[in-house]
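# Descriptive analysis of the structure
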Amino acid sequence: MASVWQNNKLLRKWEQKNFKRIANGDFNYNLAFPLEDPLVIEISKYMNIKKEYVYVGAGSSQFIAAIVGLKCWNKIFLSEIEFSLYKRTANLAEKKIINIRGITTDEFINDLKKIKSSENDLLCISSPRWFSGEMFTKKQIKEILDIFNGTLIIDEAYVDYSDNEKGMLDLCLKNERIILLRTFSKKFLASGYRTGYMITKKEIVGMRNTIIPPHSVSSYSERFFCELLKDDKILSAFIETREYIKQNRNLIYNELHNESQIKIIKSSANFISIIFDDKNLMEEVYENLNDLAGIQKFDEVVPFIKIWVNNEKFSNVVVDRIKEILK
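Sequence order as written defines the numbering, with residues in each chain counted from 1. The model is predicted, so local features are restricted to residues of pLDDT at least 70 and side-chain atom pairs to those at 80 or more, both for listing and for counting; the totals for chains, interfaces and linings are taken over all residues. Water and hydrogen atoms were dropped before computing side-chain values, which therefore reflect all heavy atoms in the structure.

### Things to note about the sheet that holds strand β1 (residues 54-57)
Think of a sheet as strands paired side by side through backbone hydrogen bonds, with each pair either parallel or antiparallel. Read across the sheet, seven strands follow the order β1-β7-β6-β5-β4-β2-β3 without closing on themselves; strand pairing throughout is mixed. The open sheet has two free edges, formed respectively by β1 and β3 (96-100), since each of these has just one partner strand. Here the average twist between neighbouring strands, direction ignored, is 20 degrees. Here strand β4 (residues 122-126) pairs with strand β5 (residues 151-155) via five bridges, running parallel. Each residue of the ladder has a partner; that of I125, found in β5, is I154. Paired strands, in this sense, are two strands between which DSSP finds at least two bridges. For helices the rule is a DSSP run of H or I covering at least 4 residues; for strands it is a run of E covering at least 2, with both sets numbered from the N terminus onward. To define axes, lines are fitted to C-alpha atoms, for helices over the stretch in contact only, and angles between the resulting N-to-C directions are given on a 0 to 180 degree scale.

Structure representation (C-alpha cells):
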C-alpha cells in the first residue's frame, strides 16, 4: 500500500526539479554569525517573528539533547507516557526525573498539581501528545504555567495536523518560560532531512553554539527548506496533503470511538492510538494489523497501538480489521 508521500507526485517533482540548484555545494553556513543563517531568516519571515527567537537544529532530537542536558536544571519533569529520548537524555545527564501520570491532558494536569517545583526545574510535554495525539488547549497551558514554577518545553512536532497550526506560539512570544520545538519532518513529510527549529524568548547562554556545531544541519537540508518556505504553490500542496491525512485519521476515530472494548482519544496528530485495558486483546488486534506499514505496539505503561495514518484505503482496512476482532 503506497504512502501518502509516494502518491503525491507534485512534491516529488518539486524536489527533483530543485535538486541540482539546491545541491550545488556553495551554501555559506557562517558559524561566526548564526543569526545570519538563511534558514533562521526564512523561518522568522514565515512565522512573522524576530530572528533572535529562532534556532535551527538537526530535528527535535538535537534540541531535546541540548536543552534537557543543560546543567542549570535541578529536576526534569516528564510525562510517564512520552517519547523516550527525553528520559534517555535526562538519565545520561544524571538528572532527577519526576514522572507525571495521566492518559488524558486533564489527568496529566491533575497529577502535576500534586508535585512541588522550582524555577530551576524543566517540564517537557508534547502537544499534540506523542502518546495519543491529544492537544493541550491554551487554557490548559496557562494553568500549567500557574502550577509549575520552572521552564516549559512544548514539543509541537505534530501541530500542523491540528486545527490550530499556530499552537502555543502567541503564549511563547509573551512568556520567557516557554520553549517551543517544531520540526519539518512531520510538517513536510520529510524526516530524512533532519531539520527542525526552536522558538523561545528565554535567554540561554551559549545555546546557539551548542545547537550549531559543524555537524548540525546539512547545507542541502538548509537550502531545501529555504527554497520550500518561499514557494507558495508547494506550501499549498503540503496543506492539501495534511488535510487529506487529517480526514483519514478522523475516519478511524469516527468509526471506532464508540467501541466499548477499546479507548481512543481524539488525535490532532498524523497518527491515532488505540488504548487497551486487556493486553491479550491488544496482541490479537496487533497480529491482525502488523502486516500494514505504520503500525506500532507499546505496553510499558499502558497497552496501546499507534497507527500512522495513510490514505483512505488504509484507514478503511484498519477499521475493518479491528472491528472483525471486536465482534
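### What about unusual backbone geometry?
Between S127 and the following residue, P128, the backbone shows a cis peptide bond with an omega angle of 0 degrees. With respect to the secondary-structure elements, P128 resides in the loop between β4 and α7 (138-147). Within the chain, N48 stands out as a residue other than glycine whose phi angle is a positive 60 degrees. Examined against the element boundaries, N48 turns out to sit in the loop between α3 (38-47) and β1. The phi angle at E94 is positive, at roughly 55 degrees, despite the residue not being glycine. Structurally, E94 is set in the loop between α5 (84-92) and β3.

### Notes on the pattern of salt bridges
For this analysis, a salt bridge means a side-chain nitrogen from Lys or Arg found within 4 Å of a carboxyl oxygen belonging to Asp or Glu. As enumerated under the stated definition, the model contains 16 salt bridges in all. Across the salt bridge formed by K75 and D121, the nearest N and O atoms sit 3.2 Å from each other. A residue pair is termed long-range when its members are at least 10 positions apart, and K75 in strand β2 (residues 75-79) and D121 in the loop between α6 (105-112) and β4 qualify at 46 residues. For D121, a relative accessible area of 0% translates into the label buried. By sharing partners, the salt bridges in this structure join K138, K166 and D170 into a single network. Only protein chains enter the accessibility calculation, which uses a 1.4 Å probe; a residue is then buried when its area is under 20% of its type maximum, exposed when over 50%, and partly exposed in between.

### Digging into the confidence of the model for the protein chain
Per-residue confidence from the predictor is given as pLDDT, running between 0 and 100. Taken residue by residue, the protein chain gives an average pLDDT of 87. The fraction at 70 or more is 90%. Mean pLDDT across the secondary structure elements of the protein chain bottoms out at helix α1 (residues 4-7), with 47, and peaks at α7, with 97. Contact definition: two residues touch when any of their heavy atoms are within 4.5 Å. Counting contacts from residues 1-7, a segment whose pLDDT is below 50, to residues more than four positions away or on other chains yields 23 contacts.

### Points about the pairing of β4
Among the five residues that make up β4, five are buried, leaving the element largely enclosed by the rest of the structure. Neither face of β4 is exposed, since L122, C124 and S126 on one face and L123 and I125 on the opposite face are all buried. One ladder, built from three bridges, connects β2 with β4; its direction is parallel. Within the sheet, the bridge partner assigned to L78 lies in β4 and is C124. Viewed along the sheet, the connection from β4 through α7 into β5 turns out right-handed. With strands facing away from the observer, any crossover in which the path from the first strand over the helix to the second runs clockwise is taken as right-handed.

### So, the sheet that holds strand β10 (residues 295-298)
Ordered in space as β8-β9-β11-β10, the four strands form an open sheet in which the pairing is antiparallel. Lying at the two open borders of the sheet, with one neighbouring strand each, are β8 (262-263) and β10. Bridge count between β8 and strand β9 (residues 271-276): two bridges; the pairing is antiparallel. Of the residues in β9, the one forming a bridge with I262 is F276. Against the sheet, helix α12 (residues 232-256) contacts β8, β9 and β11 (304-308), and its axis sits at roughly 25 degrees relative to β9. Strands in contact with helix α14 (residues 312-326) are β8, β9, β10 and β11; relative to β11, the strand with the most contacts, it is inclined by about 160 degrees.

### Description of α3
Of all the positions in α3, only L39, V40, E42, I43, S44 and M47 are classed as buried. Against β1, α8 (169-174), β6 (178-183), α9 (184-187), β7 (196-200) and α11 (219-229) lie the buried residues of α3. Backbone nitrogen of L39 and a side-chain oxygen of the N-cap are separated by 2.9 Å at the start of α3; the cap is D37. After α3 finishes, the residue N48 shows a positive phi value of roughly 60 degrees. Any N or O atom pair separated by 3.5 Å or less is treated as a polar contact, with the protein-specific requirement of one donor-capable and one acceptor-capable atom, and with residues adjacent in sequence counted only for side-chain atom pairs.

### Points about the environment of L123
By the element assignment, L123 lies in strand β4. Classification of L123 as buried rests on a relative accessible area of 0%. Sequence spacing of L123 and K323 is 200 residues, and the spatial spacing of their C-alpha atoms is 38 Å.

### Some points on the nonpolar core
By nonpolar core is meant a set of buried Ala, Val, Leu, Ile, Met, Phe, Trp, Tyr and Cys residues that side-chain atoms within 4.5 Å join together. By size, the foremost hydrophobic cluster in this structure holds 48 residues, and its most contacted members are I43, L123, I125, I141, I144, F188 and I199. Sort the elements by how many residues they give to this core and α11 lands first, with six residues. L251, L281, I305 and I325 belong to the second largest nonpolar core, which has 24 residues in total.

### Thoughts on the pairing of β1
Neither face of β1 is exposed, since V54 and V56 on one face and Y55 and G57 on the opposite face are all buried. Summarising the sheet, β1 and β7 pair through four bridges and their orientation is antiparallel. Bridged to V54 within β7 is I199.

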